[in-house]
Amino acid sequence: MKVAVLGAGAIGAYVGAALHRAGADVHLVARGPHLAAMRRDGVRVHSPRGDFTARAHATDDPAEIGPADFVFLGLKAHSYAACGPLIEPLLHDTTAVIAAQNGIPWWYFHRHGGPHDGHRVESVDPGGAVSAVLAPERAVGCVVYAATELEAPGVVRHLEGTRFSVGEPDRSVSDRCSRFSEAMTAGGLKCPVEPGLRNDIWLKLLGNISFNPISALARATMRQMCLHGGTRRVIETMMRETLSVAEALGCEVGVSIERRLAGAERVGDHRTSTLQDLERGKPLELDVLLAAVVELAEITGVEVPTLRTVHAISDLLAIRSAA
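Please read all numbers here as calculations on a predicted model, not as lab measurements.

A. How the structure looks around the overall build of the chain. Per the secondary structure count, the chain includes 12 helices and 11 strands. Computed over C-alpha atoms, the radius of gyration of the chain comes to 19 Å, within 12% of the 20 Å expected from 2.2 N^0.38 for 323 residues, which places it in the range of a compact globule. For the chain, the spread of C-alpha atoms along the three principal axes comes to 50 × 40 × 40 Å. Looking at the 323 residues of the chain, the share that counts as buried comes to 55%. Taking contacts inside the chain between residues at least 6 apart in sequence as the whole, the part at least 24 apart equals 73%. When the accessible surface of the chain is summed, it comes to about 13300 Å², and 50% of that surface belongs to carbon and sulfur atoms. With 33 positive and 37 negative side-chain charges, the chain shows a separation of 6 Å between the mean positions of the two kinds.

The following block contains the structure:
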C-alpha cells in the first residue's frame, strides 16, 4: 500500500512512521529543517509506548512520489484550498484522501442525507475553493485522538492516545477504509472504521471549540483552564451550546461534559495546537472550529451566544497575530 503524507508535521510524521513500521510504502512531504532531519536520521518517535525510528522516504517535491493509494493530509485546514499543486501529483483515479483535521470538514454534508444534503459550509469551503482541490468523493474522514508535538526537527514526542477513527461520508464500511484501518493497526495504532464518524467529529470538536481558542486567549494549558473556575464555566457553556447544534443535526456525542472536562484535565499541562501556532507566529485554525459551528447554528436555528462572543474575540486575535 502506497501512502503519501502531505504535511508531515507532528501528527503526519507520527502516522507515517507507524505505517512505515507496518510495511507500507510511505512517503513524507515536508520542508525546512524538519525535512532535512528526517532525510538524515528518519522520523524519531519518543513515546511512553516505546521509542522507535522510521526511515521513510522524505521530500519537498510530491512529483518525486507520484500517485499514491492514500494521501494522509497533515496540513492545517486553512491550507487546503491552496494545496492543489502539492496534491495533484499524488492522485490517481481512486486515490483516497484521509483528512486528519480538527473541526467541521469541508465534506461534512457530502452524502449526508436529509434537508442539508450537499450544503456547502462557507466557513470551511469559501466559494467552493476547497472542494475544487479536494473532491468530496475522495474524502475519508479521520478524527484524531492522539496528542503529539514536534520536540525538534525530525523528532516527534507522542504524549498520549493512539486512536485515529476513520469513516466514509455516506456511512458505509468501504474497502478503502478497511485497508487503511488494517495498515494503521499493524503499525500499532487504533483505527476503527466508524459508520457514524460525524458523532466522533462532534465529540472531538467539543474540546477543540472551547479549549483551543480559550488557550490562545489566556495563554493557558489544558490543566490550567480546567482548574480556573471562571474559565471552566465558560468552557462548560461553550460545550453545551455545541451539543445543541450537534443534536439539531442528528448527532449524539454520548459523553457528558463533566467526563470530557475530566479527560482534558488528565492531559495535564499540554498546550493546544492553537496555542502552539500562536506562539510560533502561525495562522490560527479557528474557522473550522468556531466559525463553522456558528454558521451551522444559523442554519439549524440554535442560539449560541457564548460561541459567538468567543469567536468574535478570538477572530480579532487571529487577525492581529497574522498582521
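B. A look at the side chain of Thr-272. Here Thr-272 shows up in the loop between helix H9 (257-267) and helix H10 (273-279). Residue contacts for Thr-272: discarding those within four places in its chain leaves Phe-211, Asn-212, Ser-215, Met-222 and Met-225.

C. Focus on the nonpolar core. With 70 residues, the main nonpolar core has Leu-73, Tyr-80, Ile-104, Trp-202, Phe-211 and Val-245 as its most contacted residues. Looking at this core, the element that brings in the most residues is helix H6 (residues 197-218), giving 10 residues. Setting aside its immediate chain neighbours within four residues, Ile-104 contacts Val-124, Ile-201, Trp-202, Leu-205, Val-288, Ala-292, Val-293 and Leu-296. Judged by nonpolar contacts, the second largest core, of 39 residues, contains Ala-58, Val-140, Met-184 and Cys-191.

D. Here's a closer look at unusual backbone geometry. Phi is positive for Arg-171, which is not a glycine, with a value near 75 degrees. Mapped onto the fold, Arg-171 is located in the loop between strand E11 (164-167) and helix H5 (175-186). Look at Arg-171 and you get partly exposed, because its relative accessible area is 37%. Even without a glycine there, the phi angle at Arg-219 is positive, about 55 degrees. The residue Arg-219 is located in the loop between H6 and helix H7 (222-227) in this model.

Quick notes on the rules
Residues numbered from 1 in each chain as written. Predicted model: local features only at pLDDT ≥ 70, side-chain atom pairs only at ≥ 80, totals over all residues. Heavy atoms only, no water. Helix = DSSP H or I, 4+ residues; strand = E, 2+ residues; numbered from the N terminus. Rg over C-alpha atoms; globule rule 2.2 N^0.38 Å. Buried < 20%, exposed > 50% of the residue type's maximum accessible area, 1.4 Å probe, protein only. Contact = heavy atoms within 4.5 Å. Areas by Shrake-Rupley, 256 points an atom, 1.4 Å probe, with all protein chains shown as cover. Lys, Arg positive; Asp, Glu negative; His and termini not counted. Charge placed at Lys NZ, Arg CZ, Asp CG, Glu CD. Core = buried A, V, L, I, M, F, W, Y, C linked by side-chain atoms within 4.5 Å.

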